[in-house]
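Structure assessment
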Amino acid sequence: MIRTRFAPSPTGELHIGGARTALFNFLFARGAGAEGRFVLRIDDTDAERSRVEYERRLMEELLWLGLDWDEGPDRGLSISYRQSERGLFYDGALSNLRARAAVYPCFCSEERLAALRKEQLARGEPPRYDGLCRSLPRDEVERRMAGGERPCWRFALPQKTIAFHDMVRGDLSFAPDMGDFVVARSDGQATYLFASVVDDHLMEITHVIRGDEHVPNTARQQALFDALSWRSPVYAHIPMILSGDHQKLSKRTGSTPIRRYREEGYLPEALCAYLSTLSWVPSGPLSLFSLKEMAAAFSPARIATSSPVHDEAHLVHHQREAMRRLGSGAILERLTALDPRFGKFEPAGIRLLIGDLLEEYWTLPLLQDALSPLFAGPSAWAGELRKSSEPWLSDAGEILRSVEPWNEETLDKRLRGFMKERGLRGRDFFHPLRLFLTGRESGPPLTLLMRVLGRDETRTRLEGPKGRE
Ligand code: GLU
């Protein structure tokens with residue numbers, strides 16, 4: 001059985017980094033077929049910064065990406081998958097640690113801790129707890145507790161090397177010099193470090209794939225697993241995604257919420273395909289367009305150790321490819337769902353038009369805009385240019401009356417013939433034609449556009465309403 005989890009904190013939107021973590025956990029679970037489960041857990045121990053609204057949006061984006069979970073706040077077993085609602089489990093585990101004398105109460109004030117921190121930093125040392133309360137005599141502890149003082153609980157870090165295997169980085173070991181860390185605050189609330197261990201244990205998580213900024217947390221959590229005599233999950237730490245200028249990806253350096261890509265019309269297939277290339281090195285050639293195919297090939301052991309660089313151009317490449325795969329028929333259906341007027345054109349013609357525009361306009365909104373001249377109103381054929389084109393305009397409209405069949409080839413032949421006959425230069429003929437027809441300077445092949453508009457509409461736009469007579 002393989003049980004993975006994605007455990008976001010609902011303190012903001014889902015970004016590239018989080019989405020990649022979710023994708024890898026999803027793929028690994030799905031790759032195991034019936035033997036795999038993907039769990040969504042909400043790490044909302046930080047009550048101040050956690051918002052239900054963010055939780056809702058995270059779930060919305062994950063579903064949009066196609067990363068659905070088997071267990072989570074809205075499905076699965078009848079237990080809560082939100083850390084804020086799992087306090088009883090953490091209390092139980094804290095009692096367990098207390099019974100094993102693996103934790104101790106700490107009465108140090110905020111002020112003392114802040115001063116300690118300052119001193120350590122001034123000496124160039126990493127800030128860590130100095131263990132003052134670790135050796136408090138029992139009677140003092142009892143007296144202070146009886147006196148109403150509320151201590152927090154710290155883990156008494158055993159003085160031995162912490163070792164674990166990482167599926168990406170191999171065997172890792174850490175000196176136990178990170179200081180005794182807090183597992184439960186003075187109000188009884190478990191910290192993320194501790195809650196996560198309890199949850200991974202109770203939810204029987206077998207593999208944790210997460211960002212490598214968590215490596216130091218893993219060392220601490222490993223020590224907790226050991227202290228509780230629980231088997232820890234296997235870890236795979238994925239390298240941090242960098243921005244183009246090799247900085248940590250952040251709002252400032254170009255980390256975009258997944259929601260924005262969705263709103264801009266990116267396809268989920270394109271995003272997943274792109275995300276999968278950030279650190280995962282498949283063993284053979286793959287066309288990365290179905291989650292199913294990706295899942296069958298995915299292994300955390302094939303995650304590279306070097307940091308990938310986020311590259312919007314690469315994402316656009318995947319988006320283009322995803323649109324091509326979708327095909328002009330399906331694109332037309334989606335456009336018609338957005339604007340039913342697309343449904344009134346001859347399907348074969350408008351599909352050709354879509355195919356032609358796809359290279360340059362690679363999202364539905366961009367295409368919708370590029371195709372909007374199809375719906376251009378009378379304003380498109382007003383203006384100065386109209387006057388200077390008057391000598392030939394109505395004759396051009398007239399020859400369109402007899403073009404048969406109404407297709408690109410015949411239109412092209414007749415229009416070029418007409419242009420020659422009248423001694424017009426291309427730019428004095430086709431350019432105004434395009435403007436009258438579309439109101440724009442450039443766009444798709446003109447005769448294809450005419451084909452799609454149809455004879456009546458084309459003549460109306462060139463000659464005004466009398467063109468229909
Ligand atoms: N809630 C943590 C975060 O959002 C998840 C850490 C973990 O995967 O354990 O970074």
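Worth saying up front: this structure is predicted, and the values here are computed from it rather than measured.

The helix and strand tally for the chain stands at 18 helices and nine strands. For the chain, whose C-alpha radius of gyration is 32 Å, the value lies well above the compact-globule estimate of 23 Å for 469 residues. Based on the C-alpha atoms only, the size of the chain along its principal axes is roughly 110 × 45 × 40 Å. Within the span of the chain, comprising 469 residues, buried residues form 49% of the whole. Sequence-distant contacts, at least 24 apart, represent 73% of the contacts inside the chain between residues at least 6 apart. Carbon together with sulfur atoms contributes 51% to the accessible area of the chain, which is approximately 22500 Å² in total. Charge separation in the chain, taken as the distance between the mean sites of 65 positive and 66 negative side-chain charges, equals 1 Å.

At a closest axis distance of 9 Å, the pairing of helix 14 (residues 384–401) and helix 18 (residues 455–463) adopts a crossing angle of 160 degrees. As far as their axial angle goes, helix 18 and helix 14 are roughly antiparallel. For the pair helix 14 and helix 18, the crossing hand works out as left-handed. Here Arg386, Leu393, Ser394, Gly397, Glu398, Leu400 and Arg401 of helix 14 lie close against helix 18, whose contacting residues are Arg455, Thr458, Arg459, Arg461, Leu462 and Glu463. Of the residues belonging to the contact of helix 14 with helix 18, the class tally is three nonpolar, three polar and seven charged.

Before going further, it helps to spend a moment on the site of the ligand. In the region of the ligand, the neighbouring residues are Arg5, Ala7, Ser9, Asp43, Tyr192, Ser196, Arg210 and His214. Note that an oxygen atom of the ligand is positioned 2.6 Å from one of the side-chain N or O atoms of Arg210. His214 has a polar side-chain atom sitting 3.0 Å from an oxygen atom of the ligand. Contact with the protein chains removes 78% of the 300 Å² of surface that the ligand exposes when unbound. Here the ligand is seated within the largest pocket. Across the shell around the ligand, the residue classes break down as two nonpolar, three polar and three charged.

To continue, consider the sheet that holds strand 7 (residues 182–184). Here three strands make up an open sheet; going across it, the order is 3-4-7 and the pairing antiparallel. Edge positions in the sheet fall to strand 3 (103–106) and strand 7, since each of these pairs with one other strand and no more. Neighbour to neighbour, the strand axes of the sheet diverge by 45 degrees on average, direction disregarded. Across two bridges, strand 4 (residues 152–155) lies against strand 7 in antiparallel orientation. Looking at the pairing, Trp153 lines up with Ala184 of strand 7.

Tallied over the full model, the rule gives 43 salt bridges. Across the salt bridge formed by Arg5 and Asp200, the nearest N and O atoms sit 3.0 Å from each other. Remark: Asp200 occurs in helix 6 (residues 192–202) and Arg5 occurs in strand 1 (residues 2–6); sequence separation between them is 195 residues. Per residue, the accessibility class of Arg5 equals that of Asp200, and both read buried.

Here we come to a nonpolar patch on the surface. Taken together, the side chains of Leu77, Ile79, Phe89 and Leu202 define a hydrophobic patch exposed on the protein surface, amounting to about 340 Å² of accessible area. Assignment of secondary structure puts Ile79 in the loop between helix 2 (52–65) and helix 3 (87–99).

So, about the pairing of strand 1. Most of strand 1 is tucked away: five of the five residues are buried. The two faces of strand 1 match: Ile2, Thr4 and Phe6 on one face and Arg3 and Arg5 on the other face are all buried. As paired elements, strand 1 and strand 2 (residues 36–40) share five bridges and run parallel to each other. By the bridge assignment for strand 2, Thr4 is matched with Phe38. Running through helix 1 (residues 16–31), the crossover from strand 1 to the neighbouring parallel element strand 2 is right-handed.

Attention now goes to the side chain of Asp44. Topologically, Asp44 is positioned in the loop between strand 2 and helix 2. No salt bridge is formed by the buried Asp44; the nearest opposite charge belongs to Arg82, separated by 5.0 Å. A polar side-chain atom of Asp44 sits 3.1 Å from the main-chain amide nitrogen of Gln83. Beyond its immediate stretch of four places on either side in the chain, Asp44 contacts Pro10, Ser50, Arg82, Gln83 and Ser84.

Our focus in this paragraph is the packing of aromatic side chains. In this structure the tally under the stated criterion is 14 aromatic pairs. Ring centres 5.3 Å apart and planes at 85 degrees place the aromatic pair Tyr261 and Tyr266 in the edge-to-face group. Residue Tyr261 shares its accessibility class with Tyr266, and that shared class is buried. One aromatic cluster is present, built from ring pairs that chain together Phe24, Phe28, Trp280 and Phe298. One Lys or Arg, Arg154, reaches over the ring of Tyr129 and ends 3.7 Å from the middle of that ring. Of note, Arg341 hangs over the ring of Phe375, and the distance from its end group to the ring centre comes to 3.9 Å.

Rules used in this analysis
Residues numbered from 1 in each chain as written. Predicted model: local features only at pLDDT ≥ 70, side-chain atom pairs only at ≥ 80, totals over all residues. Heavy atoms only, no water. Helix = DSSP H or I, 4+ residues; strand = E, 2+ residues; numbered from the N terminus. Rg over C-alpha atoms; globule rule 2.2 N^0.38 Å. Buried < 20%, exposed > 50% of the residue type's maximum accessible area, 1.4 Å probe, protein only. Contact = heavy atoms within 4.5 Å. Areas by Shrake-Rupley, 256 points an atom, 1.4 Å probe, with all protein chains shown as cover. Lys, Arg positive; Asp, Glu negative; His and termini not counted. Charge placed at Lys NZ, Arg CZ, Asp CG, Glu CD. Axes fitted to C-alpha atoms, helices over the stretch in contact; angles between N-to-C directions. Parallel < 35°, antiparallel > 145°, perpendicular 65-115°, else oblique. Left-handed = near helix turned anticlockwise from the far one by under 90°. Nonpolar A, V, L, I, M, F, W, Y, C, P; charged D, E, K, R; others polar. Near = heavy atom within 4 Å. Polar contact = N/O pair within 3.5 Å; in protein donor to acceptor, adjacent residues only side chain to side chain. 1 Å grid on protein atoms, 1.4 Å probe; cavity = no way out; pocket = protein on both sides within 12 Å on 5 of 7 lines; lining within 4 Å. Sits in = over half its atoms within 2 Å of the grid points. Pairing = 2+ DSSP bridges. Salt bridge = Lys/Arg side-chain N within 4 Å of Asp/Glu carboxyl O. Patch = residues over 30% accessible without salt bridge, like charges linked within 9 Å, V, L, I, M, F, W, Y side chains within 5 Å. Right-handed = clockwise from strand over helix to strand, strands pointing away. Phe/Tyr/Trp six-rings, centres within 6.5 Å; stacked < 30°, edge-to-face > 60°. Lys NZ or Arg CZ within 6 Å of the ring centre and 35° of its normal.

So far we have only geometry, and geometry alone does not tell us how the molecule works.
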